[in-house]
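Observations on the three-dimensional arrangement
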Amino acid sequence: MGDILIQEFTYEANDLPSQAFTILTQLLEQEKLCDVTIKAGERKIRCHRVVLASCSAYFHSMFTNSMLESSQEVITIQGLSEKSVIQLINFMYTRKITITIDNIESLLTASAVFQLDPVVYACCEFMKRHLHVSNCLEMRAYAELHGCIEFIHFADKFARGCFTTLVSNDMFLKLSPKHLAEIVSGDDLNVKAEEIVFEAILKWVEHDPEKRSEHIADLISQVRLPLLPTDYLINRVEQNSLLSSNMACRNFIDEAKNFKLCPVNVSSFRTQPRKSTAGTLFSVGGRGKTGEPFQCIECYDWFSDSWFMTARLSTPRRHVAVASLNGRVYAIGGHDGIQHLNSVECFDPENNTWTDVAPMRTYRRGMSAGVLQGVIYVAGGLDEATCFETVERYDPETDEWSIVSSMLHRRGGVGVAGLEGYLYAVGGNDGTVSLQSVERYNPHTGRWTRVASMNRRRAGVGVAVVGQYLYAIGGFDDSNPLDSVERYDPKTNQWSYIASMSTCRGGVGAGSMGERIWAVGGHNGTQYLGSMESYNPAKDVWEASAQMSTPRAGSGVTGCMCDVQALKALNWEMAVGIVFVRLNSENK
């Protein structure tokens with residue numbers, strides 16, 4: 001056999017346990033070598049202690065501790081369904097069980113008692129697939145009795161997703177105050193308007209005001225009162241006797257009124273929109289690894305953490321400027337792969353269409369757009385020959401562009417945003433080097449003035465505003481992409497670093513939505529990115545979100561206050577219509 005001697009060899013028969021349980025199942029059926037009888041109702045099942053103890057913590061404890069049952073030949077199971085006990089004993093031998101609508105309740109109860117976690121898990125998975133607005137609260141209550149924590153969270157998420165319909169269910173009025181507060185709290189409540197949340201809570205309280213009025217303050221604390229329309233807040237909320245007679249509720253109303261007067265002076269989660277009411281994030285145009293400009297638009301639904309396509313631009317555009325104003329999105333200038341553009345398109349989410357509006361006076365790409373006092377400003381950019389310092393202003397009321405004072409520096413790849421009455425121009429490239437300087441425009445005096453420079457040079461930088469701060473995100477320091485982010489405080493005229501992104505993003509698209517900063521795509525020095533992350537100012541952290549379908553840099557990104565579900569529906573109708581037309585043409 002050779003000169004090498006093997007002193008030790010370990011062999012593992014992986015299929016032996018399966019073979020053993022096949023034989024044990026046969027012994028169960030033949031009632032051989034059985035050493036215990038389980039009695040459930042009128043049925044008696046002869047089985048093996050070692051099998052029950054090895055599969056069930058309940059039986060393991062019973063047979064291995066000094067309990068009376070450890071020495072009894074017949075164990076009587078009280079209070080459990082006879083059929084379920086038989087099914088579970090068979091499961092311990094065969095590893096298989098059939099769950100149906102008819103036996104789910106009794107099986108979950110029995111498996112929880114026997115501490116058969118795999119069956120509890122299977123029951124919960126079965127219930128997840130059968131959740132409906134008509135049964136989700138009842139199923140959740142049943143799961144809570146058996147400590148099915150993971151299913152409880154799943155059912156609550158489901159309930160938040162169908163909250164508007166759920167309020168009409170009779171079970172809604174039977175919710176405990178604690179459970180109701182858990183459902184309406186957080187950003188994941190799916191409502192089109194905060195009024196729905198307020199009316200739901202009022203409905204629940206008024207169902208039994210004598211007992212439930214003591215909970216109203218805790219429940220109202222979860223309503224985003226500052227986001228309610230002013231007339232509704234004054235005429236409906238403030239005039240309600242249940243709220244006006246409660247000091248804590250009056251404080252919440254005062255907070256909302258203060259927010260209406262001066263938003264920057266109110267810091268509370270109640271001023272933050274929920275995911276379903278935050279609007280839609282648009283990523284417009286840009287380019288990918290081929291270098292060709294994109295015509296496609298991707299929109300992000302924060303509630304479902306998903307992207308979807310919408311109506312395409314009439315012209316491909318890379319290094320395009322994008323702005324949102326009055327519920328519409330404007331795509332301005334850029335490059336179509338052949339020439340620089342001065343054309344402008346406006347997207348109306350209510351009919352899912354782009355229409356041409358008045359063009360700029362200057363053909364350019366790599367400029368940026370900001371909204372200030374109801375008009376759009378476009379600053380900087382470049383063409384084949386030079387970087388620009390020129391600035392144009394668009395008035396959607398007259399559909400006209402006008403020239404305003406030029407910036408102090410030429411800035412291609414600049415970031416622009418409006419904040420507290422000023423228009424800021426951040427970084428960029430002057431044709432030679434990336435810039436770290438920043439300037440701002442006063443529309444009342446028509447003058448640009450310097451403010452504090454950033455800590456880092458940035459061109460192709462993303463700029464956005466949340467609250468009272470201006471953010472500069474990523475960009476290039478000459479050819480080096482950056483992951484760092486800075487925040488500007490106009491009160492102190494200082495820039496400070498905040499948490500860095502998860503990756504470098506040059507040519508990043510940046511926008512604000514739902515009191516967060518969103519960094520979309522870009523280039524990390526190696527490849528174009530389809531990833532996106534959002535910055536939570538309250539926690540100083542970046543959080544990853546769903547990826548776009550098309551990696552891109554040089555896209556225009558903006559948040560728009562429009563109904564994302566309605567836009568999805570319009571887009572679906574458009575897609576179905578296109579397929580229908582194609583099928584008709586093929587059949588002719």
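Criteria and cut-off values
Residues numbered from 1 in each chain as written. Predicted model: local features only at pLDDT ≥ 70, side-chain atom pairs only at ≥ 80, totals over all residues. Heavy atoms only, no water. 1 Å grid on protein atoms, 1.4 Å probe; cavity = no way out; pocket = protein on both sides within 12 Å on 5 of 7 lines; lining within 4 Å. Points joined across faces, edges and corners; volume = space filled by probe spheres on them. Helix = DSSP H or I, 4+ residues; strand = E, 2+ residues; numbered from the N terminus. Domains from an automatic or database assignment. Contact = heavy atoms within 4.5 Å. Buried < 20%, exposed > 50% of the residue type's maximum accessible area, 1.4 Å probe, protein only. Arc of directions from axis to C-beta. Phe/Tyr/Trp six-rings, centres within 6.5 Å; stacked < 30°, edge-to-face > 60°. Lys NZ or Arg CZ within 6 Å of the ring centre and 35° of its normal. UniProt positions renumbered as here; feature names shortened; annotations may be inferred. Axes fitted to C-alpha atoms, helices over the stretch in contact; angles between N-to-C directions. Parallel < 35°, antiparallel > 145°, perpendicular 65-115°, else oblique. Left-handed = near helix turned anticlockwise from the far one by under 90°. Nonpolar A, V, L, I, M, F, W, Y, C, P; charged D, E, K, R; others polar.

So, the layout of surface pockets
- By volume, the second largest pocket is sized at about 430 Å³.
- Every residue lining the second largest pocket is counted, 23 residues in all, and those nearest its centre are V191, K192, A193, S276 and T277.
- Within the residue set of the lining of the second largest pocket, elements represented by two or more residues are helix 9 (163-166), helix 11 (194-207) and helix 17 (564-587).
- Ranked by the residues each element gives to the lining of the second largest pocket, the list is headed by helix 11, at three residues.

A word on the domain arrangement of the chain
- The domain boundaries assigned to the chain delineate domain 1 (15-130), domain 2 (154-271) and domain 3 (280-572).
- Summarising the inter-unit geometry, the C-alpha centres of domain 1 and domain 2 are found 47 Å apart.

Observations concerning the environment of Y363
- With respect to the secondary-structure elements, Y363 resides in the loop between strand 10 (353-357) and strand 11 (368-372).
- Sequence spacing of Y363 and H335 is 28 residues, and the spatial spacing of their C-alpha atoms is 8.9 Å.
- If sequence neighbours within four positions are ignored, Y363 has contacts with H340, L341, N342, D383 and F388.

A closer look at helix 14 (residues 230-237)
- Every buried residue of helix 14 is listed here: Y232, L233 and V237. Down the axis, helix 14 shows its buried residues gathered within 100° of arc, on one side only. The outward face of helix 14, more than 90 degrees from its buried face, is lined by the exposed residues D231 and N235.

Points about unusual backbone geometry
- You will see that E31, though not glycine, has its phi angle at about 55°, which is positive.
- Along the polypeptide, E31 turns up in the loop between helix 1 (16-30) and strand 1 (36-40).
- Despite not being glycine, L33 shows a phi value in the positive range, around 60°.
- The residue L33 is located in the loop between helix 1 and strand 1 in this model.
- Look at L33 and you get exposed, because its relative accessible area is 68%.

Here's the deal with the packing of aromatic side chains
- Applying the stated criterion across every chain, the model contains 19 aromatic pairs.
- Measuring from ring centre to ring centre gives 5.1 Å for Y58 and F59, while their planes differ by 85°; the resulting arrangement is edge-to-face.
- Residue classification places Y58 among the partly exposed positions, given a relative accessible area of 25%.
- Note on F59: relative accessible area 0%, which makes it buried.
- One aromatic cluster is present, built from ring pairs that chain together Y58, F59, F63 and F114.
- For R364, the ring lying beneath its charged end belongs to F388, and the centroid distance is 5.7 Å.
- We note R440 situated over the ring of Y422; from NZ or CZ to the ring centre the distance is 3.8 Å.

Looking at the UniProt feature "domain: BTB" (unreviewed entry) in the chain
- Taking the UniProt record as the reference, the feature "domain: BTB" (unreviewed entry) is found at residues 34-101.
- Helix makes up 41% of residues 34-101 and strand 21%. Its end C-alpha atoms lie 33 Å apart.

Focus: the packing of helix 14 against helix 16 (residues 247-261)
- Relative orientation of the contacting elements helix 14 and helix 16 amounts to 155°, with a least axis distance of 11 Å. Judged by the angle between their axes, helix 14 and helix 16 are roughly antiparallel. In this structure, the crossing between helix 14 and helix 16 has a hand that is left-handed. Of the residues in helix 16, those in contact with T230, L233, I234 and V237 of helix 14 are I253, A256, K257 and K260.
- Of the residues assigned to the contact of helix 14 with helix 16, the class counts are five nonpolar, one polar and two charged.

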